[in-house]
There are 2 protein chains.
Amino acid sequence: MNPMPLEFWFDFASNYSYLSVMRVEQTAARLGVIVQWRPFLLGPIFKSFGWSTSPFVLQPWKSDYVWRDMARQCRKYGLPWTRPTTFPRSSLLPARVALVGADKPWMGEYCRRVMQLNFAADRNIDSAAALSEVLAQLGLAAQDIVAEAQGAANKLRLRDQTELARTKGVFGAPTFFVGEEMFWGNDRLDDALGCASA
Amino acid sequence: MNPMPLEFWFDFASNYSYLSVMRVEQTAARLGVIVQWRPFLLGPIFKSFGWSTSPFVLQPWKSDYVWRDMARQCRKYGLPWTRPTTFPRSSLLPARVALVGADKPWMGEYCRRVMQLNFAADRNIDSAAALSEVLAQLGLAAQDIVAEAQGAANKLRLRDQTELARTKGVFGAPTFFVGEEMFWGNDRLDDALGCASA
């Protein structure tokens, strides 16, 4: 009766992370599970495998399917969807801002809005202007937050967080942890929450 | 109210195909959906991508996860599970026999038993002896069926079927088609059935 927290590792560039970002807070709340947001960058992890970019780009036989699947999944979950004209989009600054916000009450709404910029509005997300707009919409001190996000200490934190993902065995996103149990992919969100609340 | 059939493409070597083989007939029947069994070989498709074997072998960072995931998925579905000591197992003869049986009433039970040899009993499945045992347990003329499976015409049929999978865009298993709509992975079986019966 005392649910474990759900560690939620995600990258704003990742289309399947979009599905989980939109669903996780509401679904977890229904089960009394606390979400621990863990923004990170997939790029350095893919590079450690010798991959220059997303496997959806490197494996062209898979990419048509992935976009068709995304359209169907978004319809299933009632989410807006536009296939991004640039994929994967650089997600460095949004990840840095998310690291500043990870324990703040605005984190969920910030993440959902940035994801919708990328996967519904088809807009560049790696820009101080775009992110300031999102933060200001949430009534926050956008300039201060972006400045903190771009500070040396926070840049190092994101590098450390990404390295921690790698050492924990993360190889894609979204990835969930419940204690030591790792779950990969939006398709495992419900199993992970079931494990957390069992 | 007139469900479309579900084309079910699978390989006896594929662990995620195991989950679908065990579930598909019962789940489809509940919705009045007819299963069209499409055994094929993943090996030639992987080779066309320049891969010498399963991506779960070529990407060692993923394989530990896959086996953990399989154990959890089998528990969820109430299926027996033993991590195979050889992976991927050669599945040539079982696929040839399955092609002979694809439209026969014994197909489902044959496939489930072969899959359980591989993923529950940890036994070699590419052997006339093992398959004859399965067929005999089903009360079938094992010798005749194995002989037909190994005939020149049937060997060619399996090559054609695998080539058809490739031209349809199949890149992994299990894969489902409902008309032109392709669904990849055991995680999409329910969506595919929903599409077939919509």
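Refer to the preceding data block for the structure.
Keep in mind that what you see is a predicted model, and the values were worked out from it rather than measured.

**Q** Outline the interface of chain B and chain A, supporting the account with residue identities and numerical values.
**A** Where interface size is given, it is often the accessible area lost as the parts come together that is meant. Facing the 20 residues of chain B at the interface are 20 residues of chain A. Between chain B and chain A lies a buried interface of about 2,100 Å² when both sides are counted; carbon and sulfur atoms form 50% of it. Looking only at chain B, the three residues that lose the most surface to chain A are Trp61(B), Tyr65(B) and Arg188(B), adding up to 31% of its buried area. At the junction of chain B and chain A, the tally comes to ten salt bridges. With a closest N to O distance of 2.7 Å, Glu181(A) and Arg72(B) form a salt bridge. Counting across the interface, chain B meets chain A through 16 residue pairs in polar contact (both at pLDDT 80 or more). Counting only elements with at least two residues in the side of chain B that touches chain A, the list comes to α4 (60-77) and β4 (181-184) of chain B. For the side of chain B that touches chain A, the element with the most residues is α4(B), which contributes eight residues. Its residues assigned to classes, the side of chain B that touches chain A comprises nine nonpolar, two polar and nine charged.

**Q** Outline the layout of surface pockets, supporting the account with residue identities and numerical values.
**A** Taken as a whole, the second largest pocket spans an internal volume of roughly 270 Å³. Around the second largest pocket, the lining is made up of 17 residues, and of these Asp187(A), Arg188(A), Asp190(A), Lys76(B) and Asp187(B) lie nearest the centre. Sort the elements by how many residues they give to the lining of the second largest pocket and helix α10 (residues 189-196) of chain A lands first, with three residues. Classifying every residue of the lining of the second largest pocket by side-chain character gives three nonpolar, two polar and twelve charged.

**Q** Tell me about the relation of the copies chain B and chain A, residues and numbers included.
**A** Of the transformation superimposing chain B on chain A, the axial component is 0.0 Å and the angular component is 180 degrees, with the fit at an RMSD of 0.0 Å. Classification of the inter-copy transformation places it as that of a two-fold axis. Identified as the residue of chain B closest to the rotation axis by C-alpha distance is Asp187(B), at 3.5 Å. The overlap is high: 100% of the interface residues of chain B also sit at the interface in chain A, so the same surface is used on both sides.

**Q** So, the pairing of strand β3 (residues 175-178) of chain B: which residues are in play, and what are the values?
**A** Working note: regular strand, side chains alternate between the two faces of the sheet. Residues and elements named next belong to chain B. Along β3, one buried face is formed by Thr175 and Phe177 and the opposite face, lined by Phe176 and Val178, is buried too. Bridging between strand β1 (residues 6-10) and β3 involves three bridges; their strand directions are antiparallel. The residue of β3 that forms the bridge with Phe8 is Phe176. As defined by bridge partners, β3 adjoins β4 across four bridges and the pair is classed as antiparallel. Across the sheet, residue Phe176 finds its bridge partner in β4, namely Phe183.

The rules behind the values
Residues numbered from 1 in each chain as written. Chains lettered and ligands numbered in written order. Predicted model: local features only at pLDDT ≥ 70, side-chain atom pairs only at ≥ 80, totals over all residues. Heavy atoms only, no water. Contact = heavy atoms within 4.5 Å. Buried area = accessible area lost by both parts, 1.4 Å probe. Salt bridge = Lys/Arg side-chain N within 4 Å of Asp/Glu carboxyl O. Polar contact = N/O pair within 3.5 Å; in protein donor to acceptor, adjacent residues only side chain to side chain. Helix = DSSP H or I, 4+ residues; strand = E, 2+ residues; numbered from the N terminus. Nonpolar A, V, L, I, M, F, W, Y, C, P; charged D, E, K, R; others polar. 1 Å grid on protein atoms, 1.4 Å probe; cavity = no way out; pocket = protein on both sides within 12 Å on 5 of 7 lines; lining within 4 Å. Points joined across faces, edges and corners; volume = space filled by probe spheres on them. Least-squares fit on C-alpha atoms with pLDDT ≥ 70 in both. Buried < 20%, exposed > 50% of the residue type's maximum accessible area, 1.4 Å probe, protein only. Pairing = 2+ DSSP bridges.

In short, shape yes, function no, at least from these values alone.
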